[in-house]
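# Residue-level structure breakdown
Now for the letters of each chain:
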Amino acid sequence: MTVEERILELLIGPQHPASGHMRLVAKIDGDIVVELRPNIGYVHRSVEKLAEVKKYLHIIPLVERPSLADTTANNLAYVMALEKLLGIEAPPRAQYLRTLLAEINRIHSHLYGLGIHGVMIGSSTAYMWCFGDREPFIEIAQELTGARLTYSYIIPGGVRRDLPQGFEDRVEKVLRYLENRMKDYFDIYFNNPVTRARLEGVGVLTKEDAIKLGVTGPNLRASGVPYDVRKIEPYAAYPELDFEVVTREEGDALARVFVRIGEIQESMKIIRQVLKNIPEGPIFHEKYVKMVPPKLREYMKETGEVKFPGTFANLRVPAGEAISRVEGGRGEVVFYLISDGKSLSPYRMRMVTPSFRNVILFEHLTKGHRVADIPAIYGSLDYFPPEADR
Amino acid sequence: MMQDLLSLIFEPYIFVPLIYPGLIVAFLLLLLVIWLERKIAAKVQLRYGPLYVLKPLGGVIQLVADLLRYLFQEPIIPRATDKLAFITTPILLFATSYLPAIALPVGPNFTAIRSDLSLLLVLALSTLGPIFTLVMGWASNNKFSLIGGVREGYLVVSYEIPMFLSALSMAVLYDSLDLIEIAEAQKGMWGILLNPLAALTMLILIYMSTSKFPFEIPEAESEIVAGPYTEYSGILYGLVMGASYIKMYVLSLLFAILFLGGWNPVPSFMASDPILPGVLVFIKAFIIIFIGIFFRAVYPRFRIDQAMNIGWRLTLPMSILSIILSLLIVWLGGV
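Remember, predicted model here, so these are calculated numbers, not experimental data. (Residues numbered from 1 in each chain as written. Chains lettered and ligands numbered in written order. Predicted model: local features only at pLDDT ≥ 70, side-chain atom pairs only at ≥ 80, totals over all residues.)

## Description of the overall build of chain B
To be explicit about the condition: Working definition: helices are DSSP H or I runs of at least four residues, strands are E runs of at least two. Numbering for both runs from the N terminus. Taken over C-alpha atoms, the radius of gyration is set against a globule rule of 2.2 Å times the number of residues to the power 0.38. The burial criterion counts other C-beta atoms lying within 10 Å of a residue's C-beta, which is placed from the backbone; the residue is buried at 20 or more, exposed at 12 or fewer, and partly exposed between these limits. Contact definition: two residues whose C-beta atoms, as placed from backbone geometry, lie within 7 Å.
Regarding its fold elements, chain B presents 15 helices and 0 strands. Compactness check: chain B gives a C-alpha radius of gyration of 20 Å against a globular reference of 20 Å for 335 residues, within 12% of the reference. If you line up chain B on its principal axes, its C-alpha atoms span 60 × 60 × 45 Å. Relative to its 335 residues, chain B shows a buried fraction of 51%. Across chain B, the fraction of contacts at a sequence separation of at least 24, relative to all contacts at a separation of at least 6, is 79%.

Below you can see the structure in the form of structure tokens.
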């Protein structure tokens, strides 16, 4: 038999239990993957083009939609770019609240990724546990913002709501709950001999390749590169907080899992610091507070809920360009905004999501592995097709 | 009239294939085991599991509802399949899965087929099923089905030899291939205590042969959709899904007879009756099934090469050692 005859082309997806909204075109020789090409674009929603006809404030919920498990990163990055154009900066209390939500979001985004990875290698328990334990974090985020996933919490000049009464105690309870649960996770899933056998040494990404391919997020840090936008180019309240960048040297699927676990622990540390050190003060930029009618200003003081000033309806942004970077749960999110200063919409918006930068790994990591390793590697990347397609 | 009918039913050659361990008990067990599997997994995973079908009993007849749905669902037969093979293999797979049960003794004096070679007969009949899984993978004309069928084939060659060796090491130990004699010989001490190595090997391989976690490799959902069963729907899917549980049930009964003392300890005046010995063997087999279905909540699944490694590099030496252990025990004075 010639080589061509031996090779079987396997179309994994888009109608496949573990493909997600994409198709993986795998060429396999027996059980060995010769080539795996991701076929992306099934959930392309043209966010960048839509942004050119939407008003600045309407873009906030729009950019959240693509990465549903990790909305705060997109929300924050977009608003940071917008604030650069507007030439304003949110007050310190708002910066802390942004950090708080970003870290809550990071935890439940990582749990989402770990859960999906679990069911991809066959552990339905890991899946159910991660999704179940994601729930308390969604609940506290809901208490803070009013929404479960699409928070739209961060607005130009501040955040939408102040901390609710007694929020710290409830967050502390949730954090303690997850800390206790982590022991069970290690007992039944992370230290399970079968999990170890499936993930150790699978899909190894070397340090050099990781840098060369432009990989980002936990996938990069699992290859031993301590690159984290929160440290490299600190934003929000991160300069004042004490946390470590979690890295692993191995670069395999298990290392990527452990980096996520480490980051969950670091996020819990950050949340505790934020709630301890959060300064008193306004949560909305005073320039905008002044524009709100006096009666509504009273209401804002009483309830801690921000009322939008009339100018937000037709927010005009001075001409210019701005770029912002944020470390989201899956990696670095970049937003680039151009305003022509005349229209009510950006002239151009560029949105670079971490999943889009990590998609190259499918082809790179799976070569030479077995068919059963495809989902093991896929899950370890925490790849989210809608986020990559935008 | 009624008396005649009852005595006819209690004739071994009708009772064994039809009632216990045959069709009726097998079906009831299927009902219970699948429900229990989902319920245990749900308990571990902080969920409810099946609940609404017969709510006071926690949804125990969920499978009846599922079965009704399977029955009324249109069994779609894709155009490009090999029709004859596609339709007949699920039926044959189900039938051959429970076929070995007819050679299993229910009590010391109660068998459908009294044979000196009943252990061999059971083992031989249990090898028929995987052939149909392979045919199923081929007949479906689907790449995932084909891969699933081939995986099943690979697993068969890696579990069958060590499984038979470990079962036969008990035949060496008790100097008989007759399951009744083997069970009777365990009156004092159970086989699992004399040759724990053989018991462990057999236990691992029972789970491998019935594709229970962590060996749920032929139908690995996240890799190859449903393996050989990908194209099946309706009652045909119901049959193939049930087949692996039936096989597990039969092999667990065999395990109970070989290693767990069979119907011992049963009082001798009850021994001629099929009820009490049958219940005892059933309970022992059920424990084995229970462990198997509990693993679903504990383990992810192995890769095919890792499972074959376990078959050839771990359990084959273990089964050979267990034969040596049996020979040693016989040499040292026997049972």
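Continuing now.
## Focus on the environment of Ser-211 of chain B
Summarising the element assignment, Ser-211 of chain B is placed in the loop between helix 11 (196–209) and helix 12 (221–224). As a C-alpha pair, Ser-211 of chain B and Leu-253 of chain B span 42 residues in sequence and 17 Å in three-dimensional space.

## Re the sheet that holds strand 7 (residues 332–339) of chain A
Backbone-to-backbone hydrogen bonds join strands into a sheet, with any given pair of strands oriented parallel or antiparallel. All names here are of chain A. Selection criterion: Two strands make a pair as long as DSSP finds a minimum of two bridges between them. With axes taken as lines fitted to C-alpha atoms, and helix axes fitted only over the stretch in contact, angles between N-to-C directions fall between 0 and 180 degrees.
Taken in spatial order, the 3 strands line up as 6-7-8 in an open sheet, and their pairing is antiparallel. Sheet topology places strand 6 (320–327) and strand 8 (348–352) at the edges, where each strand pairs with a single neighbour. Shown here is a sheet whose adjacent strand axes are inclined to one another by a mean of 10°, direction ignored. Pairing geometry for strand 6 and strand 7, over 8 bridges, is antiparallel. Following the sheet pairing, Glu-327 is matched in strand 7 by Glu-332. Packed on one face of the sheet, helix 4 (residues 71–86) meets strand 6 and strand 7 and runs near 150° to strand 6.

## Regarding the interface of chain B and chain A
Going by this rule: Classification convention: Asp, Glu, Lys, Arg as charged; Ala, Val, Leu, Ile, Met, Phe, Trp, Tyr, Cys, Pro as nonpolar; all other residues, Gly among them, as polar.
On the side of chain A, 27 residues touch chain B, which itself brings 25 residues to the contact. Contributing elements (two or more residues each) for the side of chain B that touches chain A: helix 3 (23–44), helix 8 (143–174), helix 12 and helix 15 (304–331) of chain B. Of the residues contributing to the side of chain B that touches chain A, the split by class is 14 nonpolar, 3 polar and 8 charged.

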